[in-house]
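Overview (structure and organization)
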Amino acid sequence: MPQIQAQGVTKSFPGKDGAVVALKDIDLDIHPGEFVCLLGPSGCGKSTLLNAIGGFSLPSHGQLSVAGQTVTRPGPDRGLVFQEYALFPWMTVAKNIAFGLEIQGLSKQSVEERVSSLLDKLHLQDFWNRFPKDLSGGMRQRVAIARVLALDSPIMLMDEPFGALDALTRHTLQDELLRIWEEFRKTIIFVTHSIEESIYLADRVVVMTYRPGTIKSDIRITMPRPRDTAHPEFNRLKRDLGEMVMEEQQRFTVDEIKQITAD
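As the structure is a computational prediction, the values presented were derived from the model and not from experiment. Residue numbers restart at each chain and count upward from 1, following the sequence in its written direction. Predicted model: local features are reported for residues with pLDDT of at least 70 only, side-chain atom pairs are reported and counted for 80 or more only, and whole-chain, interface and lining totals are derived from all residues. Side-chain metrics in this entry use all non-hydrogen atoms of the structure; hydrogen atoms and water are not considered.

Brief notes about the overall build of the chain
From N to C terminus, the chain includes seven helices and ten strands. Taken over C-alpha atoms, the radius of gyration is set against a globule rule of 2.2 Å times the number of residues to the power 0.38. A compact globule built from 263 residues would reach a C-alpha radius of gyration of about 18 Å, and the chain, at 19 Å, matches this within 12%. Judged by the C-alpha coordinates and their principal axes, the chain covers about 60 × 45 × 45 Å. When a residue's accessible area, from a 1.4 Å probe over protein chains only, is under 20% of the maximum for its type it is buried; when over 50% it is exposed; and in between it is partly exposed. Counting across all 263 residues of the chain, residues that qualify as buried make up 47%. When contacts within the chain are restricted to residue pairs at least 6 apart in sequence, those whose partners lie at least 24 apart make up 69%. Note on areas: Shrake-Rupley with a 1.4 Å probe; residue coverage comes only from the protein chains shown. Accessible area for the chain stands at about 12,800 Å²; split by element, carbon and sulfur atoms hold 53% of it. Positive and negative side-chain charges in the chain, numbering 30 and 34 respectively, have mean positions lying 3 Å apart. Here a helix means four or more residues in a row that DSSP labels H or I, a strand means two or more in a row labelled E, and each is numbered from the N terminus. Should any heavy atoms of two residues lie within 4.5 Å, those residues are considered in contact. Think of it this way: Lys and Arg go in the positive column, Asp and Glu in the negative one, and His and the chain ends go nowhere. Taken as the charge location is NZ of Lys, CZ of Arg, CG of Asp or CD of Glu.

Next comes the structure, spelled out in structure tokens:
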């Protein structure tokens, strides 16, 4: 049975000229332990689909289920990592990681043991008593990932978590994320604009069309890890995916021009 299943999922939002259809007839199965990237231009509904899976924005039509249960609200089985880190600025690194565990009512010893383990696994031992303002963007994102891992959610939803980072830090965290995924065997749904990032990370790349968001293609990446970005197969995939995304980007550009002209 798929861990996550979308059947005919459609999502509309009110607009000044009527309803705006962000997602239309999405059919998607994701199995336990898969790493799936949602790829496409701005406005294709990637984050909308992610938020629907997270239970933050329910479908207007269709069925969306996690572990066989209809999604009606957020739940502890789905942890969300944002691009903006979303850390509590008044809490130390250790306290940020511990927060969800303390809310769950775990014993002090259990919280300390789990936080200590995650500090070690994400190379945060030397920063446990620092505040977010004292950390680099990459370190803040490590803390955000550790906070989700602390809750032991089987599903990690990641909304462009590395989009604001420089290229070197981004690549380092991509490798860190793959190491974490291989160790913890979470199901990861990862939103990105980067074609190269999606090929480097994912088991499957789901390419979405410009509004209304539908699934244009669902491509399985069979290259062994770690993946060489200079390998001919990597570049073939990059070229093929690039053509698909560029076609949708051109639709986005034409639509933007029409809206400017109409205004």
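Quick notes on the packing of helix α2 (residues 93-103) against helix α3 (residues 108-121)
Helix axes are fitted to C-alpha atoms over the stretch in contact, other axes to C-alpha atoms as well, and angles between N-to-C directions run from 0 to 180 degrees. Packing of α2 against α3 leaves a shortest axis separation of 10 Å and a crossing angle of 135°. Relative to α3, the element α2 is oriented oblique. Pair α2 / α3 crosses with right-handed handedness. Along the contact surface, α2 presents Val-93, Ala-94, Ile-97, Ala-98, Leu-101 and Glu-102, while α3 presents Val-111, Arg-114, Val-115, Leu-118 and Leu-119. Working rule for angles: under 35 degrees goes down as roughly parallel, over 145 as roughly antiparallel, 65 to 115 as roughly perpendicular, anything else as oblique. The handedness criterion is simple: a crossing whose near helix is rotated anticlockwise from the far helix by less than a right angle is left-handed, and one whose near helix is rotated clockwise is right-handed.

Some remarks on the packing of aromatic side chains
Pairing of aromatic rings covers Phe, Tyr and Trp, the last counted by its six-membered ring, and requires centre-to-centre distances within 6.5 Å; plane angles under 30 degrees mean stacked, over 60 mean edge-to-face, and any other angle means tilted. Tallying each qualifying case throughout the model produces five aromatic pairs. A ring pair is formed by Phe-35 and Phe-190, whose centres lie 6.0 Å apart and whose planes are at 40°; its orientation type is tilted. Remark: Phe-190 occurs in strand β8 (residues 187-192) and Phe-35 occurs in strand β3 (residues 35-39); sequence separation between them is 155 residues. Using a relative accessible area of 0% as the deciding quantity, one classes Phe-190 as buried. An aromatic cluster is present here, built from Phe-35, Phe-162, Trp-181 and Phe-190 joined pairwise through their rings.

Here we look at helix α5 (residues 167-184)
For a helix, the expected span equals 1.5 Å multiplied by the residue count minus one. Taking 1.5 Å of rise per residue, 18 residues should cover 26 Å, and α5 covers 25 Å from first to last C-alpha, within 8% of that figure. Within α5 the residues assigned to the buried category are Arg-170, Leu-173, Gln-174, Glu-176, Leu-177, Leu-178, Ile-180 and Trp-181. Along its buried surface, α5 packs onto β3, α3, α4 (137-150), β7 (155-159), β8 and α6 (195-201). Under this definition, polar contacts are N or O atom pairs within 3.5 Å; protein pairs additionally need one hydrogen-donor-capable and one acceptor-capable atom, and for neighbouring residues in sequence, both atoms have to be side-chain atoms. Here α5 starts with a cap whose side-chain oxygen sits 3.2 Å from the backbone nitrogen of Leu-168, and that cap is Asp-166. Phi turns positive one or two residues past the end of α5, at Arg-185, with a value near 55°.

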